[in-house]
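A closer look at the structure
Chain residues, written in single-letter form:
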Number of protein chains: 2
Amino acid sequence: MSLILDPAAQDLLFREARTANTFTDEPVTDEQVQMIYDLVKYGPTAFNQSPLRITLVRSREARERLVKHMSPVNQAKTADAPLVAILSADNEFHEELPRLFPAFPQAKDAFYADRTVRERSAQLNGILQAAYFIIGVRAAGLAAGPMNGFDYPGVQAEFLDDDHAPLLIVNIGKPGLGAWGERAPRLGVDEVVTTV
Amino acid sequence: MSLILDPAAQDLLFREARTANTFTDEPVTDEQVQMIYDLVKYGPTAFNQSPLRITLVRSREARERLVKHMSPVNQAKTADAPLVAILSADNEFHEELPRLFPAFPQAKDAFYADRTVRERSAQLNGILQAAYFIIGVRAAGLAAGPMNGFDYPGVQAEFLDDDHAPLLIVNIGKPGLGAWGERAPRLGVDEVVTTV
């Protein structure tokens, strides 16, 4: 017995894919980002709320502004990556629910009532979509370097607004020389899965 | 230009995969769960912290205890699914860091100092892993039904402990009759991606 996903796809997305810390100079195009999005947009979220927003940091000026907010260990690789994406959650996602979840027209009002509930939902579902996005980057034959080592309020103030909360920042490109070290061990299934 | 992931794999994981609300009676075995875990355990987390824990709710008695904590709309499908998994985050993940992230032996102590930082990190990285798990379920040819409509403190008290925070509950099986309706629309790339 085995997974029905093709083994080459398993390798591409999980087994051989690695977090990259260096990249080649090869650019990552808007068309590649669009292809990635057009695949991973189908990943499930609660009420199809789809709160993920993606800010591509392309200009030299914007990249310099971003690097200042990264943890020291993340600064050089964020400065050098072909493309950097700020992933955020739209806390006003409920405005789109009448279109995104027509099966339950009351969904917008249910979320409208409570900003705290909305922020928690945007956070949970935005992070799920961030993971789909990482998988999508790999599906494009690129390596992702997801990072949470940055000044969250600083990045929000510099690039977003009060309604958009940063989730992760992801370096994207073809892996360069010494992009990663030895694969670290994973927990065994018996350490993770229990049955009741 | 296209993604390098095989189109059949794209369909299996994203384009044709759907959240299932009904399932056939076909069981989901421990071996299938192990195969899923052994693939998705390679998905990236910060410091390889791997906080996701999985509680399989198999016994009739446990399933009845779980159903009481589900939102009304989720009760029948959770009662009937071949397998239900409670996904949680281990807030004491730092205990495993010396083994999981040998490249930075100080990581355990850095997280040990602050439970709040640890909980946030476990939440973020546990949700990333929950998304990888959903993709893995689909890679096994099964349908996932992820739900956040349940009493989080109730499920934690009933099945977990103070160190494990529920993230999502996922019904798993082969899709049954009327497992889903029409696919809801997604946001266009221009509504999601901006460039600076």
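Preceding block: the structure.
The present account deals with the structure reproduced in this document. None of the values given here were measured: they were computed from a predicted structure. Residue positions are counted from 1 within each chain, in the order its sequence is given. Note on labels: chains are lettered from A, ligands numbered from 1, in written order. It should be noted that, the model being predicted, local features are given only for residues of pLDDT at least 70 and side-chain atom pairs only at 80 or more, the latter also being counted only at that level, while totals for whole chains, interfaces and linings use all residues. Each side-chain value is worked out from all heavy atoms of the structure, with water and hydrogens disregarded.

Looking at the packing of helix α2 (residues 30–40) of chain A against helix α7 (residues 115–139) of chain A
Residues and elements named next belong to chain A. Only the stretch in contact is used when a helix axis is fitted, and all axes are lines through C-alpha atoms; the angle between N-to-C directions ranges over 0 to 180 degrees. The numbering of helices and of strands both runs from the N terminus, where a helix is a DSSP run of H or I of at least 4 residues and a strand a run of E of at least 2. Two elements in contact, α2 and α7, have axes separated by 9 Å at closest approach and are oriented at 130 degrees. With respect to each other, α2 and α7 are oriented oblique. With respect to the hand of their crossing, α2 and α7 are arranged in right-handed fashion. Residues I36, L39 and V40 of α2 form the contact with α7, whose own contacting residues are Y132, F133, G136, V137 and A139. Of the residues in the contact of α2 with α7, the class split is seven nonpolar, one polar and no charged. In these notes the angle categories are as follows: under 35 degrees is roughly parallel, over 145 is roughly antiparallel, 65 to 115 is roughly perpendicular, and the rest is oblique. Note: crossing handedness is left-handed where the near helix turns anticlockwise from the far helix by less than a right angle, and right-handed where it turns clockwise. The contact rule is simple, with two residues in contact once any of their heavy atoms fall within 4.5 Å. Residues are grouped as follows: Ala, Val, Leu, Ile, Met, Phe, Trp, Tyr, Cys and Pro are nonpolar; Asp, Glu, Lys and Arg are charged; all remaining types, including Gly, are polar.

Quick word on the packing of aromatic side chains
For this analysis, a ring pair means two rings from Phe, Tyr or Trp (six-membered ring only for Trp) whose centres lie within 6.5 Å, classed as stacked if their planes differ by under 30 degrees, edge-to-face if by over 60, and tilted for the remaining angles. Under the criterion given, the structure shown has twelve aromatic pairs over all chains. Between F47 of chain A and F104 of chain A, the ring centres sit 5.9 Å apart and the planes meet at 25 degrees, which makes this aromatic pair stacked. Of this pair, F47 of chain A sits in the loop between α2 and β1 (52–57) while F104 of chain A sits in the loop between α5 (97–100) and α6 (107–112), and the two are 57 residues apart along the sequence. The cut-offs for exposure are 20% and 50% of the maximum accessible area for each residue type, with area from a 1.4 Å probe on protein chains only; residues under the lower value are buried, those over the upper are exposed, and the others partly exposed. On the basis of relative accessible area, F104 of chain A is assigned to the partly exposed category, the value being 32%. Summarising the aromatic geometry, the rings of F47 of chain B and F111 of chain B are spaced 5.7 Å apart at their centres and angled 85 degrees between planes, so their arrangement reads as edge-to-face. With F47 of chain B in the loop between α2 (30–40) and β1 (52–57) and F111 of chain B in helix α6 (residues 107–112), this pair connects stretches of sequence that are 64 residues apart. Through successive ring pairs, a cluster of aromatic residues spans F47, F93, F101, F104 and F111 of chain A.

Quick word on the side chain of Q49 of chain A
Residue and element names in this part refer to chain A. Here Q49 shows up in the loop between α2 and β1. At 2.9 Å, the side chain of Q49 forms a polar contact with the backbone oxygen of A46. When near neighbours in sequence (up to four residues on either side) are disregarded, Q49 contacts F93, L97, L100, F111, S121, A122 and N125. Whenever two N or O atoms come within 3.5 Å, that pair is a polar contact, provided that in protein one can donate a hydrogen and the other can accept it, and provided that, for residues adjacent in sequence, both atoms are side-chain atoms.

Looking at the sheet that holds β1 of chain B
A pair of strands is labelled paired if DSSP reports no fewer than 2 bridges between them. Taken in spatial order, the five strands line up as β5(A)-β1(B)-β2(B)-β4(B)-β3(B) in an open sheet, and their pairing is mixed. Each end of this open sheet is capped by a strand with a single partner; those strands are β5 (193–195) of chain A together with β3 (143–147) of chain B. Across the sheet, the mean angle from the axis of one strand to that of its neighbour is 25 degrees, orientation sign disregarded. Two strands pair when backbone bridges link them, and β3 of chain B and strand β4 (residues 164–173) of chain B are joined in this way by five bridges, in the antiparallel orientation.

Considering the pairing of strand β2 (residues 83–90) of chain B
Residue and element names in this part refer to chain B. The buried fraction of β2 amounts to eight of the eight residues, a majority that puts the element mostly inside the structure. In β2, alternate side chains face the same way, and those of L83, A85, L87 and A89 on one face and V84, I86, S88 and D90 on the other are all buried. Pairing geometry for β1 and β2, over six bridges, is antiparallel. If you follow L52 over to β2, its bridge partner there is A89. In the sheet, β2 pairs with β4 via eight bridges, with the strands oriented antiparallel. Residue V84 lies in a different strand from β4, and its bridge partner there is N171.

Observations regarding the relation of the copies chain A and chain B
Residues below a pLDDT of 70 in either copy are left out; the C-alpha atoms of the rest, at least 70 in both, set the least-squares superposition of the copies. The transformation that overlays chain A on chain B combines an axial shift of 0.0 Å with a rotation of 180 degrees, and the residual RMSD is 0.0 Å. As the rotation angle and translation indicate, the two copies are arranged about a two-fold axis. When the interface residues of chain A are mapped onto chain B, 100% of them again fall at the interface, so both copies present the same face.

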